[in-house]
Amino acid sequence: MSNLAIKAGRKLFERNLEQYQPADPMYETYVDKKGRERRRRRETPPGLSKRDAKILKSVQKRAHYLDKGFSLCGMRFGWTFVIGIIPGAGDVADAALNYLLVVRKAKQVEIPNWLLRQMLLNNAVSAGVGFIPFVGDLFIATYKANSRNAALLEEFLRIRGEEFLKAERERVQDPQTVKPGAGREPGEHVPGKQERTPTGISGWFRRGSDKKGKNKAAATGPPAAAPSPDRGRFVEDVPPSNDNGKQA
């Protein structure tokens, strides 16, 4: 078989396989100016606290290496596939790693119970099918429970960030579930959020008002001095006199 036919068959296999695989949790692909496909790190959704952004990046990195750290014949697989080859013990170790490294870390951003149940269901499906010899290992390499859980966490935090950046009257999600601004430290500035000043004016408008105030003060001059006790209404101010009638 010629090399051209082998490459064509491999490309077809990769395209069909991508239909059943979740996206890479750590990287995304793009096309550069020369038309070549490149890979770059996923951007963090705006509106997240430093805590949430840090946890999301950690979950994405762990899921990447557990599910997509290696590539062979167009198929990307990670440590879960390698460890799962060991009969019995490997499947138990996979289930433990999926929970300890991804799900337990995701719980630190205060995810709702329904999202936690979905993540645990993904792990249960992966662990259950993984006990089937060989076929289960191939399923784990394709299903990629950790990448699915990382995608769920990213989408949830994206909604949380969007709700936090909105004004309170414009929010549409239940704040008790989404918890906009969760993990934010006192005084922490979240990128994309316009902070209001104590007077309720911020940004360009406040700078303009401050400039007008300074110009007005310069035009009116310094405030008039308070009259002395011995100054009359229609005479100039003179130094007070002493008891002998002499000026001090």
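Before reading further, recall that the structure is shown in the block above.
Keep in mind it's a predicted model, so treat the numbers as computed, not measured.

S.K.: Quick question: what am I supposed to make of the overall build of the chain here?
M.R.: Looking only at helices and strands, one finds nine helices and four strands in the chain. Overall, the chain shows an N-to-C arrangement of helices and strands of α-β-β-α-β-β-α-α-α-α-α-α-α. Carbon and sulfur atoms provide 57% of the accessible area of the chain, an area that totals close to 16900 Å².

S.K.: Is there a simple way to explain helix H4 (residues 89–106) in this structure?
M.R.: Side chains that are three or four residues apart share a direction in an α-helix, a result of its 3.6 residues per turn. When the terminal C-alpha atoms of H4 are compared, their 25 Å separation across 18 residues agrees well with the 26 Å that a helix rising 1.5 Å per residue should span. Listed in full, the buried residues belonging to H4 are Gly-90, Asp-91, Asp-94, Asn-98, Val-102, Val-103, Lys-105 and Ala-106. Each element contacted by the buried residues of H4 is listed here: helix H2 (50–67), helix H3 (79–84), helix H5 (113–130), helix H6 (135–143) and helix H7 (145–165).

S.K.: Please explain unusual backbone geometry as it appears in this structure.
M.R.: What you tend to see is this: most non-glycine residues have negative phi, and most peptide bonds are trans. Here Glu-110, not a glycine, exhibits a phi torsion of approximately 65°, which is positive. Among the secondary structure elements, Glu-110 is positioned in the loop between H4 and H5. The partly exposed category is assigned to Glu-110, whose relative accessible area is 31%. For Lys-179, which is not glycine, the phi torsion reads 55° and is therefore positive. Note on placement: Lys-179 falls in the loop between helix H8 (175–178) and helix H9 (204–220).

S.K.: Looking at this structure, I do not really get the nonpolar core. What am I missing?
M.R.: In globular proteins that are soluble, nonpolar side chains generally tend to be buried together. Counting residues in hydrophobic clusters, the biggest one holds 18 residues, and the most contacted among them are Val-59, Val-109, Ile-111, Met-119, Leu-153 and Leu-157. It is H2 that provides the largest number of residues to this core, a total of five residues. Beyond its immediate stretch of four places on either side in the chain, Met-119 contacts Val-103, Ala-106, Ile-111, Asn-149, Leu-152 and Leu-153.

S.K.: How should I be thinking about the packing of H5 against H6 in this particular structure?
M.R.: What describes two packed helices is the angle between their axes and the distance between those same axes. In the contact formed by H5 and H6, the axes pass within 7 Å of each other and the chain directions differ by 155°. Judged on the interaxial angle alone, H6 and H5 are roughly antiparallel. Here Asn-122, Val-125, Ser-126, Val-129 and Gly-130 of H5 come into contact with H6, specifically with Gly-136, Asp-137, Phe-139, Ile-140 and Tyr-143. Here the residues of the contact of H5 with H6 sort into five nonpolar, four polar and one charged.

S.K.: Sorry, what's going on with the pairing of strand E1 (residues 27–31) here?
M.R.: Moving residue by residue along a regular strand, the side chains alternate between the two faces of the sheet. Of the pairings in the sheet, the one linking E1 to strand E2 (residues 37–41) comprises five bridges and is antiparallel in character. Its bridge partner lying in E2, Glu-28 is registered against Arg-40. Here E1 folds back onto E2 in antiparallel fashion, the turn holding five residues, of which Gly-35 has a positive phi close to 80°.

S.K.: For this particular structure, what's the right way to read the pattern of salt bridges?
M.R.: Working definition: two side chains of opposite charge can pair if their charged atoms are close together. In the structure shown here, the tally under the stated rule is 10 salt bridges. We note a salt bridge from Arg-40 to Glu-28, for which the minimum N-O separation is 3.2 Å. Residue Arg-40 is found in strand E2, and its partner Glu-28 is found in strand E1; the two are separated by 12 residues along the sequence. Residue Arg-40 is classed as partly exposed on the basis of its relative accessible area, which comes to 40%. Measuring nitrogen to oxygen at the nearest pair gives 3.1 Å for the salt bridge that ties Lys-166 to Glu-163.

S.K.: Sorry if this is basic, but what is going on with the side chain of Asp-24 here?
M.R.: Assignment of secondary structure puts Asp-24 in the loop between helix H1 (3–18) and E1. Of the side chains bearing the opposite charge, Arg-39 lies closest to the buried Asp-24, which forms no salt bridge; the N-O distance is 4.4 Å. One polar contact links the side chain of Asp-24 to the main-chain amide nitrogen of Tyr-27, over a distance of 3.3 Å. Polar contacts involving the side chain of Asp-24 include one to the side chain of His-64, which spans 3.0 Å. Among residues more than four places away in sequence, those in contact with Asp-24 are Arg-39, Arg-42, His-64 and Lys-68.

S.K.: Explanation requested: the packing of aromatic side chains in the structure shown.
M.R.: If you walk through the whole model with that rule in mind, you get one aromatic pair. A cation sits over an aromatic face here: Arg-148 above Tyr-143, 4.2 Å from the ring centre.

What counts as what
Residues numbered from 1 in each chain as written. Predicted model: local features only at pLDDT ≥ 70, side-chain atom pairs only at ≥ 80, totals over all residues. Heavy atoms only, no water. Helix = DSSP H or I, 4+ residues; strand = E, 2+ residues; numbered from the N terminus. Areas by Shrake-Rupley, 256 points an atom, 1.4 Å probe, with all protein chains shown as cover. Expected span 1.5 Å × (residues − 1). Buried < 20%, exposed > 50% of the residue type's maximum accessible area, 1.4 Å probe, protein only. Contact = heavy atoms within 4.5 Å. Core = buried A, V, L, I, M, F, W, Y, C linked by side-chain atoms within 4.5 Å. Axes fitted to C-alpha atoms, helices over the stretch in contact; angles between N-to-C directions. Parallel < 35°, antiparallel > 145°, perpendicular 65-115°, else oblique. Nonpolar A, V, L, I, M, F, W, Y, C, P; charged D, E, K, R; others polar. Pairing = 2+ DSSP bridges. Salt bridge = Lys/Arg side-chain N within 4 Å of Asp/Glu carboxyl O. Lys, Arg positive; Asp, Glu negative; His and termini not counted. Polar contact = N/O pair within 3.5 Å; in protein donor to acceptor, adjacent residues only side chain to side chain. Phe/Tyr/Trp six-rings, centres within 6.5 Å; stacked < 30°, edge-to-face > 60°. Lys NZ or Arg CZ within 6 Å of the ring centre and 35° of its normal.

Everything listed here is a matter of geometry and, on its own, says nothing about what the molecule does.
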